[in-house]
Each structure stands twice: as structure tokens, then as C-alpha cells.
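Structural overview
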Amino acid sequence: MDSKTIKVGSRKSQLAMIQTEAVIAKLKELDPAATFEILTMETIGDQIQNVALSQIGESNLFTKELEVALADGRIDMIVHSLKDLPSTLPPEMAITAVCEREDPHDAMVLHPKHAGNPSTTLESLPPGSVIGTSSVRRVAQLKRKYPHLEFQDIRGNLNTRLRKLDEADTYSAIILAVAGLKRMGWGDRISQVLTPDISLYAVSQGALAVETKTDNQQLIKLISQLHHTETLLRCVAERALLRALSGGCSAPVGTHSVLENNQLSLTGAVLSLDGSQYLTETQTVTLSTPIVLPKESMDQSTSYQMYSSIIGPNISQDALKAAEDLGISVATKLHENGATEILAKAKEENDSKAEKK
């Protein structure tokens, strides 16, 4: 890179800053001469704290303000939690790095009154216990699995939600992402990791991503070296699933993916808001090898194909396309089995709740 300072956009929360600084540290390892400046800003999702995310009515709740700054040149790149990025990005923008995924699962964090018993689980909590989460995906799956529990919205960044849990007696437990808790150094608060048989995780949960303009080829060549191949391919498939389902933060859509021995497996699930309707589909594809291309091929590239809005110049384009096609194929089967109607009903119910706010 040249000597120009790279301006990095980030949300203001402590977790967002930890994630942004972690990505910058990795980039400095690749280019010790590069300099960076972080510009922070609040997004719509940060500003509106009294309404469930699914009822705000925006698909880019945690990205819009940052992407405006990227478009007008105030910043050169944005560090995101990839699950916050819509399945379709603004024109001339792309995800140019997908970093190694932290544990993508959900976790139960107990109120201190329950935390003394290490064997406490969602199943063992008393009937009527209130669980805090604003995720329709989590609520739908957990209502189905644990009908004896009650669910209530809880908003705010990680610090705020934990404070609301600890300082009041409203919630018996809250559901958070394992990844965020670990990055904040609070892994010891995890009382139960929710495995896929309990709760399929959100699309791209646990992965960090960098978004840039598609025409900034010099920056793309630096940033794309951060791609973690397994995470990248899994997230391409998961994002293709979500896009083909026309889902977003208001859609109760869960996923689980595995890449082993060049076999990429993807599970997608669609639920009604109350969990009474549940569709799932799993498919597997064999990826052609080699998956990772030699660095010389990336250096020679002058244009890049996008898969699920992700550019991977150092990854086999055949593998990327196969991953994207897998996500589309799983979504197509779910649509054939009734997902269209379930998701339409969920959107209608969310819109109705939003109008009453």
C-alpha cells in the first residue's frame, strides 16, 4: 500500500471497537508500513433502543450510516459483524475479507440468582422463567423446544444487556452470541452453549467482515489476504440461503454449515414466529480442488466476481460458485415446502406489531 492513511469505519460500542482493532492488527502484520485511523458512528440500530429489531423495518440497521460514509469517501473500509450485513449490499460495495469465525452458536447467560448451579439449563429453568432476547430466530426455536419458558425483548449493546440482566429481576437468563462474549473476555458468563439441535445460529454469526468499494483494487489486494477459506465458503453459502429466502433480521431463519474434506454441508431452517411451523433442509456439495489459489493469480487480477456480495480473489471461483449455488438450492427446496408462506406471515405479524408501537 502507499503511505495514505486508511480510514476505518466502526460502530461505537466496546465490542465493535475490539473487533475493528483486531482486524487492523492483522492488517498491520501484513503491511507494517500501513497506517490506520478509526472513525466511529452510531447506526439506526444503535439509536433505537425501545423497539425490537424485527419491528424497526430496516434491513441495514447496523450498517447504513457507515455505508453512506464509505460511499462519500469519508472512510475506506468498514469492519462489521458479518451477520449484521444485509444479503444484498449497495452498488459498488463488496465484502472483501471474511476473517476466521469464532464459535457461531448462541449462549444462555444466567441471572446471578441462578448462576450458582452450574447444571442449570434452559430445560431445567422453572416454568414461567423469562428469557431475554430480541431475536425472532431465537424465540421461535426456543419456544418450540421449551414451551414452559416466557420470552421478552431486550435491547442494547452487549454491556447494556448484561447490565439489564444483572441489575434487575426481570430475566432469569438472556440469550447472546458466544462470539461476542468471548471477544469481550466474558466467556465465563456462558452457562450453556446452544447446540444446533437446540438453536440453529444466524447466518454468518461469529464471523467478522471488511466492506470496501469494489474499485479500490489496491486495498482489496491487501484486505483479501485476511480471508479464512473455511469461514468464507460457509458464509457464502449461508448468505446465499438468506438472500434466496428474502430473509433479514425480521425473518426467523436459522442455519448450520460444515466444511470437511472438501464437502460443504448446509442446513437451513424457516420457522413461524411462535415456532409452531418448522421447515428444515440439508444439502451437501463437493468442492473442486485446489480451493486456495496461488498468490500470483490474485496479483494478476484486475476485476473480481462477487458471490453473495463477497469477493475472494485468492479462492477458486468454482468453489465460491458451488457454495453460493448450495445456498440457493437449500432455499429453493424450503420455498417448495412452504417457506414463502411462513416468511410472509412472519413479516405480516412483525409489521402489525410495529404499527402498534
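Preceding this paragraph is the structure being described.
All values derive from a computational prediction rather than experimental measurement.

As for the pairing of strand β5 (residues 106–110)
Burial of β5 is extensive: five of the five residues sit out of reach of the surface. The sheet contact formed by β5 and strand β8 (residues 173–177) spans five bridges and is antiparallel. Along β8, the bridge assignment pairs valine 109 with isoleucine 174. Inspection of the sheet shows β5 paired to strand β9 (residues 190–194) by four bridges, in the antiparallel sense. Pairing of alanine 107 across the sheet is with valine 193, part of β9.

Regarding the nonpolar core
Within the largest apolar cluster, 39 residues are counted, with the highest numbers of intra-cluster contacts made by Leu82, Ile95, Val98, Leu233, Leu245, Val270 and Leu334. Taken together, the elements giving at least two residues each to this core come down to β4 (93–98), α9 (229–245), β11 (253–260), β12 (263–271), α11 (317–336) and α12 (339–356). The contacts of isoleucine 95, once residues within four sequence positions are left out, are Leu82, Leu85, Leu89, Ala209, Val210, Glu211, Arg239, Ser308, Ser309, Ile310 and Ile311. Counting 17 residues, the second-largest nonpolar core is a separate cluster that includes Ile24, Leu27, Val79 and Leu226.

Quick notes on the sheet that holds strand β13 (residues 278–286)
Taken in spatial order, the three strands of this open sheet run β11-β12-β13, and their pairing is antiparallel. Of all the strands in the sheet, the pair left with one neighbour each is β11 and β13. For this sheet the average axis-to-axis angle between neighbouring strands, irrespective of direction, equals 10 degrees. Relative to β12, β11 runs antiparallel, the two sharing eight bridges. The residue of β12 that forms the bridge with glycine 254 is alanine 269. Against the sheet, helix α5 (residues 136–145) contacts β11, β12 and β13, and its axis sits at roughly 80 degrees relative to β12. Lying on the sheet, α11 is in contact with β12 and β13; it crosses β13 at an angle near 150 degrees.

Conventions adopted
Residues numbered from 1 in each chain as written. Predicted model: local features only at pLDDT ≥ 70, side-chain atom pairs only at ≥ 80, totals over all residues. Heavy atoms only, no water. Buried < 20%, exposed > 50% of the residue type's maximum accessible area, 1.4 Å probe, protein only. Helix = DSSP H or I, 4+ residues; strand = E, 2+ residues; numbered from the N terminus. Pairing = 2+ DSSP bridges. Core = buried A, V, L, I, M, F, W, Y, C linked by side-chain atoms within 4.5 Å. Contact = heavy atoms within 4.5 Å. Axes fitted to C-alpha atoms, helices over the stretch in contact; angles between N-to-C directions.

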